[in-house]
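A closer look at the structure
Letter by letter, the chains look like this.
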Amino acid sequence: MSARGPARRPFVRSMEGWWRKNPYFIEYMVHEGTALFVAAYALILLISITCLARGEAAWNQWLAVLTNPLCIFVHVLLLVGFLYHTWTWFNIMPRTLPPIIMNGARVTAATITRTGLAAALIASLIIFIIAASLAS
Amino acid sequence: MKRSNAPIFWALFGAGGMLSALIGAVLVFITGIAAPSGTFLPREMLSYSNVLAFSQHWAGKGFLFIIIALFLWHSVHRIFHTLHDIGIHAGTGAKLICYGSALTGTLAAAYALLRIG
């Protein structure tokens, strides 16, 4: 800070809302934002097991919250966030992986993305089947 | 030279991101929509005795712990690295808050799961 400090006020362009000016960066912020959904769901599970550890009365109180239509609606929003996370995660994956060479040619980005999405679909089906068999 | 701790946080971020991308959505659907509404799965699935039995089994306990811990480490890492983009200086304080909350959540999950027995 010089002695003339206050007299000299250089123009500093505001960075406020910079990402809203470009669709590419809007998408970037949205996919980074899915972290909030993942954190929220982890917290819901953490509350669940904490209530479970406190006993049957605490669990039943928490169950009343979980079965509330508003809470189910919140989970629908969470589901949308998670699905978007799955989509972007495997879309970005070709850029985060080192090059994979198979049969002398580099595996294309589209193949990596499609394989990832297929793996997610299969893993989800397996989890749902396990859940359904545990329930019956 | 001091070794960087970044690879550890990055590995936890990656593992949590992969796990949540693979099965996060279906878990939200099962525990938050299908079972509580009783539409696609029986509501009875979430009864105290059923959830207790699941959490007392070593596999169920391990599964819950891994899901909660990795989801937390994934999200705090991502939030921490996005702070700069929304104009918040991501210094030591922000780092402590982000990774500290994931650590607290991980310990709380371990404590609750051990208490369930």
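You'll find the structure just up there.
Below: a short report on this structure. (Residues numbered from 1 in each chain as written. Chains lettered and ligands numbered in written order. Predicted model: local features only at pLDDT ≥ 70, side-chain atom pairs only at ≥ 80, totals over all residues. Heavy atoms only, no water.)

**Quick look at helix α3 (residues 69–96) of chain A**
All names here are of chain A. Here α3 contains 28 residues, and its C-alpha end-to-end distance of 39 Å stays within 8% of the 40 Å for a straight helix at 1.5 Å per residue. Roughly 25 degrees is the biggest bend found in α3, and it falls at Phe90, with proline Pro94 one to four residues downstream. By the N-cap criterion, in which a side-chain oxygen at the helix start approaches the backbone nitrogen of a residue two or three places on, α3 is capped by Asn68, the distance to Leu70 being 2.8 Å. (Helix = DSSP H or I, 4+ residues; strand = E, 2+ residues; numbered from the N terminus. Expected span 1.5 Å × (residues − 1). Bend = angle between axes of the 7 residues up to and from the residue. Polar contact = N/O pair within 3.5 Å; in protein donor to acceptor, adjacent residues only side chain to side chain.)

**Digging into the packing of aromatic side chains**
With the rule as written, the count across this model stands at 13 aromatic pairs over all chains. Ring pairing ties together the aromatic residues Phe9, Trp73, Phe80 and Tyr99 of chain B, which thus form one cluster. The ring of Trp19 of chain A carries Arg20 of chain A above its face, with NZ or CZ at 5.2 Å from the centroid. (Phe/Tyr/Trp six-rings, centres within 6.5 Å; stacked < 30°, edge-to-face > 60°. Lys NZ or Arg CZ within 6 Å of the ring centre and 35° of its normal.)

**Focus on the interface of chain B and chain A**
With 52 residues of chain B at the contact, the number on the chain A side is 49 residues. When chain B packs against chain A, close to 4300 Å² is buried across both sides, 79% of that on carbon and sulfur atoms. Counting across the chain B and chain A interface gives one salt bridge. The leading source of residues in the side of chain B that touches chain A is helix α1 (residues 6–37) of chain B, at 20 residues. Across the side of chain B that touches chain A, the residue classes break down as 35 nonpolar, 13 polar and four charged. (Contact = heavy atoms within 4.5 Å. Buried area = accessible area lost by both parts, 1.4 Å probe. Salt bridge = Lys/Arg side-chain N within 4 Å of Asp/Glu carboxyl O. Nonpolar A, V, L, I, M, F, W, Y, C, P; charged D, E, K, R; others polar.)

**Focus on the packing of α3 of chain A against helix α3 (residues 58–83) of chain B**
Put simply, α3 of chain A and α3 of chain B touch, their axes get as near as 15 Å, and they point 70 degrees apart. As far as their axial angle goes, α3 of chain B and α3 of chain A are roughly perpendicular. Mapping the contact onto sequence places Phe82, His85 and Trp89 of chain A in α3 of chain A and Phe71, His74 and Arg78 of chain B in α3 of chain B. Split by residue class, the contact of α3 of chain A with α3 of chain B holds three nonpolar, two polar and one charged. (Axes fitted to C-alpha atoms, helices over the stretch in contact; angles between N-to-C directions. Parallel < 35°, antiparallel > 145°, perpendicular 65-115°, else oblique.)

**A closer look at the layout of surface pockets**
Looking at the largest pocket, its volume works out to about 720 Å³. Ile30, Thr31, Met45, Phe54 and Leu64 of chain B are, among the 29 residues lining the largest pocket, the residues nearest its centre. Elements with a contribution of two residues or more to the lining of the largest pocket: α1 (23–54), α2 (56–66) and α4 (109–135) of chain A together with α1, α2 (48–56) and α3 of chain B. The dominant element in the lining of the largest pocket, judged by the number of residues it contributes, is α1 of chain A, at six residues. Put simply, the second largest pocket is a space of about 370 Å³. Every residue lining the second largest pocket is counted, 15 residues in all, and those nearest its centre are Trp89, Ile92 and Thr96 of chain A together with Trp10 and Phe13 of chain B. (1 Å grid on protein atoms, 1.4 Å probe; cavity = no way out; pocket = protein on both sides within 12 Å on 5 of 7 lines; lining within 4 Å. Points joined across faces, edges and corners; volume = space filled by probe spheres on them.)

**Observations regarding the nonpolar core**
Of all hydrophobic cores here, the largest spans 57 residues; its most connected members are Tyr41 and Ile49 of chain A. Elements that contribute at least two residues to this core include exactly α1, α2, α3 and α4 of chain A together with α1, α2, α3 and α4 (92–116) of chain B. Every residue in contact with Tyr41 of chain A, bar those within four places of it in the chain, is listed here: His75, Leu78 and Phe82 of chain A together with Leu27, Val28, Thr31 and Phe71 of chain B. (Core = buried A, V, L, I, M, F, W, Y, C linked by side-chain atoms within 4.5 Å. Buried < 20%, exposed > 50% of the residue type's maximum accessible area, 1.4 Å probe, protein only.)

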